[in-house]
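Structural overview
Chain by chain, the residues:
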Amino acid sequence: MNQIPIKTACRSCQGGGYVQSEETFVLAGRTHHRFVRCASCEGSGKELCWIELEELVMMVRAIAAETQTE
Ligand SMILES: [Zn+2]
């Protein structure tokens, strides 16, 4: 079974690397939520995902088919 790692956008922070915390602070008379570094991806915004080679081939074919019809 061939498995290869691919990088996807982190599900916890949607690839932003930071997540909004419950903690707030006041700046210029407005309350803002403090952002903290995403614990899942440690701020990189990327998540490593292992998939099978056959699965990747199917995905690439699907993407290629979509691109052609556009
Ligand atoms: Zn993240």
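A brief report on the enclosed structure follows.

About the cut-offs
- Residues numbered from 1 in each chain as written.
- Predicted model: local features only at pLDDT ≥ 70, side-chain atom pairs only at ≥ 80, totals over all residues.
- Helix = DSSP H or I, 4+ residues; strand = E, 2+ residues; numbered from the N terminus.
- Rg over C-alpha atoms; globule rule 2.2 N^0.38 Å.
- Buried ≥ 20, exposed ≤ 12 C-beta atoms within 10 Å, placed from the backbone.
- Contact = placed C-beta atoms within 7 Å.
- Pairing = 2+ DSSP bridges.
- Expected span 1.5 Å × (residues − 1).

Right, let's get into the overall build of the protein. For the protein, the count of helices and strands is one helix and four strands. Listing each helix as α and each strand as β along the protein from the N terminus yields β-β-β-β-α. At 18 Å, the protein has a C-alpha radius of gyration far larger than the 11 Å of a compact globule built from 70 residues. For the protein, the spread of C-alpha atoms along the three principal axes comes to 55 × 35 × 15 Å. Across the 70 residues in the protein, those meeting the buried criterion constitute 6%. Pairs at least 24 apart in sequence give 59% of the contacts found in the protein among residues at least 6 apart.

What follows concerns the pairing of strand 2 (residues 18–27). Burial analysis of strand 2 places just zero of its ten residues in the buried class, a small minority of the element. By the bridge criterion, seven bridges tie strand 2 to strand 3 (residues 30–37) in an arrangement that is antiparallel. Within strand 3, the residue paired with Tyr18 across the bridge is Arg37. Between strand 2 and strand 3, which pair antiparallel one after the other, the connecting turn spans two residues, and Ala28 there sits at a positive phi close to 50 degrees.

Our next topic: the environment of Ala62. Looking at the secondary structure, you find Ala62 in helix 1 (residues 53–69). Take Ala62: there are 10 C-beta atoms within 10 Å of it, and that puts it in the exposed class. For Ala62 and Cys13, which are 49 residues apart along the polypeptide, the C-alpha to C-alpha distance reads 26 Å.

Let us look at helix 1. With 17 residues, helix 1 should reach 24 Å at 1.5 Å per residue; the first-to-last C-alpha distance of 25 Å fits that figure. Little of helix 1 sits inside the fold, with zero of its 17 residues counted as buried.

Let us now look at unusual backbone geometry. Look at Gln14: it is not a glycine, yet its phi comes out positive at around 55 degrees. Here Gln14 is to be found in the loop between strand 1 (3–9) and strand 2. Look at Glu42: it is not a glycine, yet its phi comes out positive at around 55 degrees. Checked against the element boundaries, Glu42 lands in the loop between strand 3 and strand 4 (46–52). Since 11 C-beta atoms lie within 10 Å of it, Glu42 is described here as exposed.

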